[in-house]
Amino acid sequence: MSPSGAKKAALVTVGSGLILLLTGCQSKNISGLGYDKGLSSVNDTTLPLWQGAWIAAGVVGVLTALAIFYPILFNRQKSDELPRQFRHNNKVEISLTAIAFIIVLVLFGFTARAESKITHVDSAAAAQHNIEVKGIQWSWQFTYNDAGTGPSTTVTGTPAQPPTLVLPLGEKVRFTLTSNDVDHGFWIPAFMIQMQTLPGVENHLQFAAQKLGTFPGRCNILCGRNHSQMLFTVKVVTPAEYQTYLSTLKAA
Ligand SMILES: [Cu+2]
């Protein structure tokens, strides 16, 4: 193939790739890239951010690859003559700095907007349901405040018997996160939720689970020898089943 033929072929390939990429950009068609849609109120906010970040990274990646491979393929050494020598190009440097700044600004703006939405928490009195989560070396303790104040309203797991966190479908739960000993991370991967549980600090989180079923939960901060055994299961049940669960806790 002649050099201009190769150039045309490369441009057509890149062009059709970009068209394919961009025409696939209707939010319904984009894959969740490892996450499912609609599992929790947090997914609704975080998933578009996750997808958008990948698309932005893809566009920047393609342009960077073009900037690398175009000169490699088409600006090869043509003669032994030394090319024009220069130290810097102000226009290029200023525009590259400006472009990087704009990218950071856009990512920051979308992240801050999503974060303020996710971290919004009602007061304990206004919240529909309240659950306390305590990280302990090496398991979890869930206290269902809706079931009263008796000791039976607290479910404590062990590495051998990981606990189950029961949540009502479609109803917002306010979580108070603390730790008994060291830093832990309360993490429900499928819900795109994670927040630290720290000794002496109360963290708050509020969300609604939006799909019936069971989902794995983990600790995502290395907290000691048996960190990998800090597992729990999230079980999403109907609101009526949740009330039944609360009454069995009360009665126990
Ligand atoms: Cu841990």
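Criteria and cut-off values
Residue positions within a chain follow its written sequence, with the count starting from 1. The predicted nature of this model means local features are confined to residues of pLDDT at least 70 and side-chain atom pairs, given and counted, to a pLDDT of 80 or more, with totals for whole chains, interfaces and linings taken over all residues. Derived side-chain values reflect all non-hydrogen atoms in the structure, with water molecules and hydrogen atoms excluded from consideration. Only DSSP runs of H or I reaching four residues or more are called helices, and only runs of E reaching two or more are called strands; each is numbered from the N terminus. To sort residues, take the accessible area from a 1.4 Å probe on protein chains only and compare it with the maximum for the residue type: under 20% means buried, over 50% means exposed, and anything in between is partly exposed. The contact criterion used is simple: two residues touch if any of their non-hydrogen atoms lie within 4.5 Å. Values of accessible area rely on a 1.4 Å probe in the Shrake-Rupley scheme; residue burial ignores everything except the protein chains shown. Should DSSP find at least two bridges between two strands, the strands are taken to pair. Only Phe, Tyr and Trp rings are paired, with Trp represented by its six-membered ring, and only when their centres lie within 6.5 Å; those with planes under 30 degrees apart are stacked, over 60 edge-to-face, the remainder tilted. Take the number of residues in a helix, subtract one, and multiply by 1.5 Å to get its expected span. Note on bend: the value at a residue is the angle between axes fitted to the seven residues ending there and to the seven starting there. Donors, by definition, are the N, O and S atoms found within 2.8 Å of a metal, the threshold being 3.2 Å for Na, K and Ca, and water is not counted, so a site can look incomplete. For four-coordinate sites, all angles between 85 and 135 degrees define a tetrahedron; for four- and six-coordinate sites, opposite donors beyond 155 degrees with the remaining angles between 65 and 115 define square planar and octahedral shapes respectively, and all other cases count as irregular.

**Describing the overall build of the protein chain**
Working step 1: Looking only at helices and strands, the protein chain has 4 helices and 10 strands in total.
Working step 2: The proportion of buried residues among the 252 residues of the protein chain is 29%.
Working step 3: Taking contacts inside the protein chain between residues at least 6 apart in sequence as the whole, the part at least 24 apart equals 64%.
Working step 4: When the accessible surface of the protein chain is summed, it comes to about 15,700 Å², and 62% of that surface belongs to carbon and sulfur atoms.

**Digging into the pairing of strand E10 (residues 232-237)**
Working step 1: Bridge count between strand E4 (residues 164-168) and E10: 5 bridges; the pairing is parallel. Within E10, the residue paired with Leu165 across the bridge is Val234.
Working step 2: Sheet topology note: the strand E9 (residues 213-219)/E10 ladder contains 5 bridges and is antiparallel. In the strand pairing of E10, Gly213 is matched with Val236.

**Here's the deal with the environment of Ala160**
Working step 1: If you trace the backbone, Ala160 turns up in the loop between strand E3 (154-156) and E4.
Working step 2: The class for Ala160 is exposed, based on a relative accessible area of 71%.
Working step 3: Ala160 sits 69 residues away from Gln229 along the chain, and the two C-alpha atoms are 8.2 Å apart.

**What about the packing of aromatic side chains?**
The geometry of two aromatic rings is summed up by the distance between their centres and the angle between their planes.
Working step 1: Taken as a whole and assessed by the stated rule, the structure comprises 13 aromatic pairs.
Working step 2: Ring plane angle 80° and centroid distance 5.9 Å describe the contact between Trp50 and Trp54, whose orientation is recorded as edge-to-face. Separated by 4 residues within a single helix, Trp50 and Trp54 lie in helix H2 (residues 41-74), roughly one turn from each other.
Working step 3: Ring geometry for Phe191 versus Phe207: centroids 6.0 Å apart, planes at 75°, classification edge-to-face. Taken together, the residues span a long stretch of sequence, with Phe191 in the loop between strand E6 (184-188) and strand E7 (193-197) and Phe207 in strand E8 (residues 203-208) at a distance of 16 residues.
Working step 4: The exposure class assigned to Phe191 is buried, which follows from its relative accessible area of 0%.
Working step 5: Phe207 sits in the buried class, given a relative accessible area of 1%.
Working step 6: Each residue in the set Trp140, Phe142, Phe175, Phe186, Phe191, Phe207, Phe215 and Phe232 is aromatic and connected to the rest through ring pairs, giving one cluster.

**What about H2?**
Since the α-helix turns once every 3.6 residues, residues separated by three or four places project in the same direction.
Working step 1: Relative to the 50 Å expected for 34 residues at 1.5 Å per residue, H2 spans 50 Å between its end C-alpha atoms, a close match to the ideal helical length.
Working step 2: Its maximal kink placed at Leu47, H2 deviates by approximately 25°, while the proline Pro48 follows within four residues.
Working step 3: When H2 is considered as a whole, its buried residues turn out to be Val42, Asn43, Thr45, Thr46, Leu47, Gln51 and Phe74.

**Some thoughts on the coordination of the copper ion**
Working step 1: With distances of 2.0 to 2.8 Å, the protein atoms coordinating the copper ion are His184 (ND1), Cys219 (SG), Cys223 (SG) and Met230 (SD).
Working step 2: Classification of the site at the copper ion as irregular follows from its 4 donor atoms and the range of 70 to 161° in their angles at the metal.
Working step 3: Counting gaps between the donor residues of the copper ion yields the pattern H-x34-C-x3-C-x6-M. A residue pair is termed long-range when its members are at least 10 positions apart, and Cys219 in strand E9 and Met230 in the loop between E9 and E10 qualify at 11 residues.
Working step 4: In this structure Cys219 comes out as buried when scored by relative accessible area, which is 7%.
Working step 5: Relative accessible area serves as the criterion here: at 0%, Met230 is assigned to the buried category.

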